[in-house]
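# Summary of the model geometry
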Number of protein chains: 2
Amino acid sequence: MADDDEHLDTAFLALADPVRRRIIARLSRGPATVNELAEPFAITKQADSKHIQGLELAGLVTRTRDAQRRPVHLNPARLEALTAWIDRYRLVREGQFRSLDAVLQSQAAERGTQAKDSS
Amino acid sequence: MADDDEHLDTAFLALADPVRRRIIARLSRGPATVNELAEPFAITKQADSKHIQGLELAGLVTRTRDAQRRPVHLNPARLEALTAWIDRYRLVREGQFRSLDAVLQSQAAERGTQAKDSS
């Protein structure tokens, strides 16, 4: 639980930055080197490396030791773990809205029947 | 785009905390007051209020002005916006893996045919 919590903390924190989200978007189209990733964002290679380190720590991207030349890859499994966490609670809540709708509809139908009976 | 980015920053940041995630989990089962939310987490009402303010700012929960007594509600639509953002890039990447698999399989099949032809 503590481990899971730490992973989720790091991963959600990593996504809470527009440059890191744009790096994710770029990597979804295929691996890229640190240089290739720095270019479109008008940031220094140093700033870019730091963002990639943040994403790597969160498990959202992977790269080899030779960080300057080897491409960075997106880790879709880690992204899926985040949507799984969010969807677990979203779907419970939406399920309850649907149940409430069903109750209201059946009550309305019942009232309709009662109104007909008493007319 | 800047607006969207700011919303995503705030929302992902709000989820990067274990107490706030537990509040989301609790609210998925139904609305709760600030007092009810503070109790199971062994935190002060003040700390709890601050966490709820963070979630409210991110649009993940809603509550009325009379914050001490009115229940806090989960906003599943906002959670869905986050999964939509993540899934957009995850699915592009996974689609590419599937395409690559298909290419490798067709190449392997071709090699199999060539091997048979030359035998």
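Residues numbered from 1 in each chain as written. Chains lettered and ligands numbered in written order. Predicted model: local features only at pLDDT ≥ 70, side-chain atom pairs only at ≥ 80, totals over all residues. Heavy atoms only, no water.

## Things to note about the relation of the copies chain B and chain A
Under the fitted operation, chain B is carried onto chain A by 0.0 Å of movement along the axis and a turn of 180°, and the coordinates agree to an RMSD of 0.1 Å. Taken together, the rotation and translation describe the operation of a two-fold axis. Both copies present the same face, since 100% of the interface residues in chain B are matched by interface residues at the equivalent positions in chain A. (Least-squares fit on C-alpha atoms with pLDDT ≥ 70 in both. Contact = heavy atoms within 4.5 Å.)

## Overview of helix α2 (residues 18-27) of chain B
Residues and elements named next belong to chain B. Most of α2 sits out of view: seven of its ten residues are buried. All of the buried residues in α2 are Val-19, Arg-20, Arg-21, Ile-23, Ile-24, Ala-25 and Leu-27. Its side-chain oxygen 2.9 Å from the backbone nitrogen of Val-19, Asp-17 forms the N-cap of α2. (Buried < 20%, exposed > 50% of the residue type's maximum accessible area, 1.4 Å probe, protein only. Helix = DSSP H or I, 4+ residues; strand = E, 2+ residues; numbered from the N terminus. Polar contact = N/O pair within 3.5 Å; in protein donor to acceptor, adjacent residues only side chain to side chain.)

## Let's talk about the layout of surface pockets
Remark: the empty space left among the atoms is shown by a probe the size of a water molecule rolled over them. Its boundaries defined by the atoms lining it, the largest pocket holds a volume of some 280 Å³. Looking at the largest pocket, it is lined by 15 residues, and the ones nearest its centre are A:Asp4, A:Asp5, A:Leu8, A:Trp85 and A:Arg88. Of all the secondary-structure elements, those providing two or more residues to the lining of the largest pocket are α1 (2-15) and α5 (76-118) of chain A together with α2 of chain B. Looking at the lining of the largest pocket element by element, the count peaks at six residues for α5(A). Residues of the lining of the largest pocket, tallied by class, amount to eight nonpolar, one polar and six charged. Estimated volume of the second largest pocket: approximately 230 Å³. Elements that contribute at least two residues to the lining of the second largest pocket include exactly α2 (18-27) of chain A together with α1 (2-15) and α5 (76-118) of chain B. It is α5(B) that provides the largest number of residues to the lining of the second largest pocket, a total of six residues. Residue composition of the lining of the second largest pocket, by class: eight nonpolar, one polar and six charged. (1 Å grid on protein atoms, 1.4 Å probe; cavity = no way out; pocket = protein on both sides within 12 Å on 5 of 7 lines; lining within 4 Å. Points joined across faces, edges and corners; volume = space filled by probe spheres on them. Nonpolar A, V, L, I, M, F, W, Y, C, P; charged D, E, K, R; others polar.)

## What about the packing of aromatic side chains?
Counted by the stated rule, this structure contains five aromatic pairs over all chains. Centre to centre, the rings of A:Phe12 and A:Trp85 are 6.1 Å apart; their planes meet at 70°, and the pair counts as edge-to-face. One end of the pair, A:Phe12, is in helix α1; the other, A:Trp85, is in helix α5, and 73 residues separate them in sequence. Taking the relative accessible area as the measure of exposure, A:Phe12 reaches 0% and is therefore buried. Taken together, the ring pairs in this structure connect A:Phe12, A:Trp85, A:Tyr89, B:Phe12, B:Trp85 and B:Tyr89 into an aromatic cluster. (Phe/Tyr/Trp six-rings, centres within 6.5 Å; stacked < 30°, edge-to-face > 60°.)

## With respect to the nonpolar core
Ranked by size, the top nonpolar core spans 54 residues in total, and within it A:Phe12, A:Ile24, A:Leu60, B:Phe12, B:Ile24 and B:Leu60 carry the most contacts. In contact with A:Ile24, not counting residues within four places along its chain, are A:Leu15, A:Leu55, A:Leu60, A:Leu74, A:Leu79, B:Trp85 and B:Tyr89. (Core = buried A, V, L, I, M, F, W, Y, C linked by side-chain atoms within 4.5 Å.)

## Regarding the interface of chain B and chain A
If you look at the interface, chain B gives 35 residues, while chain A gives 35 residues. Across the chain B to chain A interface the summed buried area is about 3100 Å²; carbon plus sulfur atoms make up 66%. Here B:Arg22 makes a salt bridge to A:Asp5, at a shortest N to O gap of 2.4 Å. Summed over the shared surface of chain B and chain A, the result is six residue pairs in polar contact (both at pLDDT 80 or more). (Buried area = accessible area lost by both parts, 1.4 Å probe. Salt bridge = Lys/Arg side-chain N within 4 Å of Asp/Glu carboxyl O.)

## Re the packing of α2(B) against helix α4 (residues 45-57) of chain B
The axes of two packed helices give the description: the angle between them and the distance between them. Residue and element names in this part refer to chain B. At their nearest, the axes of α2 and α4 sit 10 Å apart, and the two run at 75° to each other. With respect to α4, the element α2 is oriented roughly perpendicular. For the pair α2 and α4, the contacting residues are Val-19, Arg-20, Ile-23 and Ile-24 in the first and Asp-48, His-51, Ile-52 and Leu-55 in the second. (Axes fitted to C-alpha atoms, helices over the stretch in contact; angles between N-to-C directions. Parallel < 35°, antiparallel > 145°, perpendicular 65-115°, else oblique.)

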